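# Architecture at a glance
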Amino acid sequence: MNLMEKTFSDLKAKGETALIPFISVGDPDPETTVDIIVELERAGADVLELGVPYSDPLADGPVIQRASERALVRQITIESCIDTARKARERGVNMPFVLFTYYNPVLQTGLDRFFGLLQEAGISGLIIPDLPFEESEEVLRLADQANILLVPLVAPTSSSRISMILSRARGFVYCVSSLGVTGERSAFHQNVDEFIQSVKAQTKLPVVVGFGISNREQAERFAKICDGVVVGSAIVRKIEESLPLLENEATKEQGLLQIRDFVAQLKIKN
C-alpha cells in the first residue's frame, strides 16, 4: 500500500479529516523549505503538497505566483524540489508528499528519469493540473509502475467529464471548490456542496477539497463533507509575511513558529 493510501485509511478509521498544506518549494530558499516542512508536520499536517515553482502557471493566484518568482530567482528546478523532499525525509518527516507541477518540467526531465527521482525521494503522489485526461495514459502507466499516485483535479464545470476523469483517479480526488485560480476567498462556487456529493457518489477514493480554503471556519465547513482540505495561498501568504524573520538567523525560529501556529489552528479534530 502506498504511504498516502495508508494515511487516508488511518485517518478514516479515526474519523479525522486530512489537513493538506500546499507550499511553494524554494520560497524563501531550499534549506528553509525543509525547516518549514518539519514544522508543518509538527503542526498536524497529514499530507503535504510540494509546489514546483513555474514561470507561466495556469492555476496559481497572485500569492503563489509571487512565491514562485522568489524561488525561481534562486534557480529552483523540479529536480531541486524533489531533492528538498528527500532532505525532509532525512530530517525524519514521515507524512506523504504530493508533487504539484505543470507538465513541461516533467517532460524536460524525461518521464522515466522523473519517476525514478520521485521514488528515490519518497514522494507518494503527483498532481499535474495542465495534463488533459486524453493525454494522461502514458504518465499514468509509468506512475502506476513506480507506485506513484496520479491525483486528478475535478471542477464544478467538469460535470460531463467527472466519471471519465475518476476512471483513472489514484490516491484521492482533488475537488476544486472555486472557479479560476488559487487564492483566499470569502465565498465558494454556489453549488460546491452538491458538486462534492456528486463526486463522492462516483468514487471510493477519498475526496479532498481545495482552492480558496484559508481559515479554520472554512476548513471546518468542508471537513464535514469531505476527507481532506487543502490550504495553499493562506499558508504561502503566512510564509511571505514571515520572510523578514526567516531570512535572519537570529529570528528564524520565531518565523518558523509563526507558520507552525497558523497551520496548527487549521487542523480539525473530529
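Note: the structure precedes this text.
Numbers given for residues are sequential positions, taken from 1 along each chain in its written order. With pLDDT at 70 or above as the cut-off, local features in this predicted model cover only qualifying residues; side-chain atom pairs require 80 or more to be listed or tallied, and sums for whole chains, interfaces and linings still use all residues. Where side-chain values are given, they derive from all heavy atoms of the structure, hydrogens and water being excluded.

## A word on helix α10 (residues 216-223)
- Within the span of α10, buried status applies to Q218, A219, F222 and A223. The buried residues of α10 occupy an angular sector of 135° when the element is viewed end-on, so they sit on one face.
- Buried residues along α10 sit in contact with α9 (192-201), β8 (207-210) and β9 (228-231).
- Where α10 starts, the residue carrying a side-chain oxygen 3.2 Å from the main-chain nitrogen of E217 turns out to be N215. Using a 1.4 Å probe on the protein chains alone, a residue whose accessible area is under 20% of its type maximum counts as buried, one over 50% counts as exposed, and one in between counts as partly exposed. Working definition: helices are DSSP H or I runs of at least four residues, strands are E runs of at least two. Numbering for both runs from the N terminus. Think of the arc as the fan of directions from the helix axis to the C-beta atoms. The contact definition used throughout considers only heavy atoms, calling two residues in contact when any of these lie within 4.5 Å. In the analysis that follows, any N or O atom pair within 3.5 Å is treated as a polar contact, provided that within protein one partner can donate a hydrogen and the other can accept it, and provided that, for residues neighboring in sequence, both atoms belong to side chains.

## Description of the environment of N104
- As for its position among the elements, N104 is in helix α5 (residues 103-109).
- For the pair N104 and Y54, spaced 50 residues apart in sequence, the C-alpha separation works out to 9.4 Å.

## Examining the packing of helix α2 (residues 30-42) against helix α13 (residues 252-264)
- Only C-alpha atoms enter the line fits that serve as axes; for helices the fit covers just the stretch in contact. Angles between N-to-C directions range over 0 to 180 degrees. α13 packs onto α2 with a crossing angle of 40° between their chain directions and a minimal axis gap of 9 Å. Here α2 is positioned oblique relative to α13, judged by the angle of their axes. The handedness of the crossing between α2 and α13 is right-handed. Contacts from T32, D35, I36, E39, L40 and R42 of α2 reach α13 at K252, E253, L256, I259, R260 and V263. Angle categories: roughly parallel below 35 degrees, roughly antiparallel above 145, roughly perpendicular from 65 to 115, and oblique for all the rest. Left-handed describes a crossing whose near helix is turned anticlockwise from the far helix by less than a right angle; the clockwise case is right-handed.

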